[in-house]
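Chain by chain, the residues run as shown.
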Amino acid sequence: MSTPVLSLHGVRKSFGPIEIIRGIALDVVPGERHAVIGPNGAGKSTLFHLISGQLTPTAGEILLDGLPIGGMPPHLVNRQGLARSFQITNIFPGLSVFENLRLAVMRRFGLEFVFWRRASRLKAVTHLVDELLAQVRLEKRAGVLASELSYSEQRSLEIGMTLASDPKVILLDEPMAGMSHEETEYTVGLIREITKGRTLLIVEHDMDVVFSLSDRISVLVYGQIIATGTPAEIRGNLAVREAYLGEEAS
Amino acid sequence: MRTKVLLLVLAVAALVAAPAVLSPGLVNASIQMLIAALFASAFSLLCGQAGMLSFGHSAYFGIGAFATIHAMNAFNGVGLLPTPLLPLMGGFMGLLSGIAAGWFATKRTGVYFSMITLALAELLHALAPHLKEVFGGEAGISAMRMPAWGFTFGSNVEVYYLTLFWVLLCLVLLYLYTLTPVGRLTLGLRENTHRLRFLGYNVHRLGVLVFAVSAMFSGVAGALQALNIEAANYVVLDMQLSASVVLNSYIGGVKVFLGPAIGAALMSFFGYAVSDLTRSWLLYQGVLFVLVMMFLPDGLVGEFAKRVREGRFGLGWERLSAGVLFVVALGFAIVGFVCMVELAQRFFSTDYRSMIVGTPWPPVTLFGREWLPFSAVTWGLPLGLMAVGLGLLNFASRRLDPERGGVS
């Protein structure tokens, strides 16, 4: 197995006296689609917040390409090459789809405090935005306000924004939450397409999606990872079945 | 697009030609309107575009004004800062104070941000009377506009053109700002700061930058004010100015670029025209604000722009007649309301109380007519006018609204 691009060692997080994450070790290798599953309240979202910089771990180490990112502010984590989406749609509702993606893309070109150029004349930015629009299949909706998109279109837009910085690792937090069956199928196809050659860490509740999409799965129960393996291995793992899949199947 | 450019050119031409036809009093009022317009635009960069409502913008306006007055006295209009370039001083000090204050204020968002800006402005306002050297105490500081570049700056027409030049320049710069990458990011700040952070942007630094730019242009507005009245007094730091820039901007509409400027110009003209006629003008201003917020939440210009976008100006006999009815009804309601307020104001004034000697109570004079305090006509007439006006307004607005069965 190649060197992991994202690896966690002994990561812990407490809120007051309650420990939510109780010592996690996790390695994500380049190019894999890695899913984290677990019952409600297992700490999946907290884990994502720790990795993306929203929360600071109480103990332990998070390495992105060998560089410690635990406790780093979110904007710096992003610049190290880790981008994420959110469980609840997190876009710029009052701006057009094009503008949403442009804001996401500009950072990649270091365009932050630039007030001597016109945004509309930045050819490389516009070109990349058009490319992303095509990738997430929103070309025809470029001029529409993000708030006027359908729910699944908004999720697609957010995935596009996550891709904009060309990250080494993409974190998707329940991208299919609240979707109909058709929408889920559509989005799974989209994720499969856009994560080709990239590294993906995904939290998802829909087991069909998880088992068809991921190369490896980690099972998180009460703040600890009880098993990591291929879908087949996880399916056959007795502890997992007891702790989680058994409940879910009923 | 072409109509927009044409309208802008016409507006600028009208502003340039204005002093030729206006009385000196109106030229003075126009200078005030221009300054108010710039101040509101600077404020709205922060409030409308970045979504950060500052309740203490008088501080940066005041700092610009005092910096300019001190520069006028120090340089005497010669050397590095001749009179026409003095607004640079106001802008520079506005920028510096904006960086300092913005660094603290933008650490927080929403209500907490507003409270910090309010507290900082009140701090300065409370401190100012004690710093006689800087703010001149009760009397304030005065200075002289010195001649420069062949202009004497003695007449207010020359001051008008100087103000017009700076205001137009600043408005153009503020508009160009909205087109730049950082201008686009400013909108992102308003829409979703959290998302911006996870896209890799340092939102605190961005917030400080927007705050500082807004304070800089507010400082230029303050400088123009100081140049115009050749004085600065610490009352300029008062909460009232901070509040009026908020009201003016919202009346115009903070989300369209020229909304705040037009709102502020209209409201300062309203103040100029009405404050001489009645003591209740602040009440009218307040009522106007409440009505605009209730019925036109996007502001006057914002609402207008929205209707143009939606193409809701289709003319036809029925729509036209309903529109005329609407205006007439509005007139009725306004006349009734104004009568009511003015009568009440006169009957409750201390002047009137001193006129009462025994019974019957004497009448008051309004609109060339005598009104008795206990007559049915005195109160019935304005109330009746208002009732008729409001009834017709309701009818006319239903006719104008396609969603409620009106003509489209």
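Definitions and limits used
Residues numbered from 1 in each chain as written. Chains lettered and ligands numbered in written order. Predicted model: local features only at pLDDT ≥ 70, side-chain atom pairs only at ≥ 80, totals over all residues. Heavy atoms only, no water. Helix = DSSP H or I, 4+ residues; strand = E, 2+ residues; numbered from the N terminus. Rg over C-alpha atoms; globule rule 2.2 N^0.38 Å. Buried < 20%, exposed > 50% of the residue type's maximum accessible area, 1.4 Å probe, protein only. Areas by Shrake-Rupley, 256 points an atom, 1.4 Å probe, with all protein chains shown as cover. Lys, Arg positive; Asp, Glu negative; His and termini not counted. Charge placed at Lys NZ, Arg CZ, Asp CG, Glu CD. Axes fitted to C-alpha atoms, helices over the stretch in contact; angles between N-to-C directions. Parallel < 35°, antiparallel > 145°, perpendicular 65-115°, else oblique. Contact = heavy atoms within 4.5 Å. Domains from an automatic or database assignment. Pairing = 2+ DSSP bridges.

(A) Highlighting the overall build of chain A. On a plain count of helices and strands, chain A comes out with nine helices and 10 strands. Its C-alpha atoms give chain A a radius of gyration of 18 Å, within 12% of the compact-globule value 18 Å for 250 residues. Across its three principal axes, chain A shows a C-alpha extent of roughly 55 × 40 × 35 Å. Residues counted as buried form 54% of the 250 residues belonging to chain A. By element, 52% of the accessible surface of chain A is carried by carbon and sulfur atoms, the whole surface being about 10700 Å². Computed over 25 positive and 28 negative side-chain charges, the separation of the two mean positions in chain A equals 8 Å.

(B) The arrangement of the packing of helix α8 (residues 181-191) of chain B against helix α10 (residues 203-229) of chain B in detail. All names here are of chain B. Put simply, α8 and α10 touch, their axes get as near as 11 Å, and they point 110° apart. The angle between α8 and α10 falls in the class roughly perpendicular. Two secondary-structure elements touch here, α8 through V182, L185, T186 and L189 and α10 through V203, L206, G207, L209 and V210.

(C) Examining the domain arrangement of chain B more closely. One can read the domain layout of chain B as domain 1 (25-281) and domain 2 (314-404). Here the C-alpha centroids of domain 1 of chain B and domain 2 of chain B sit 38 Å apart.

(D) Up close: the pairing of strand β4 (residues 59-64) of chain A. Residue and element names in this part refer to chain A. Strand direction decides the pairing type here: strand β1 (residues 6-15) and β4, joined by five bridges, are antiparallel. Bridge pairing links L8 to I62 in β4. Relative to strand β5 (residues 67-68), β4 is paired through two bridges, and the arrangement is antiparallel. Residue pairing across strands places L63 opposite P68, the latter belonging to β5. Hairpin connection from β4 to β5: two residues lie between these consecutive antiparallel strands, with D65 at a positive phi of about 55°.

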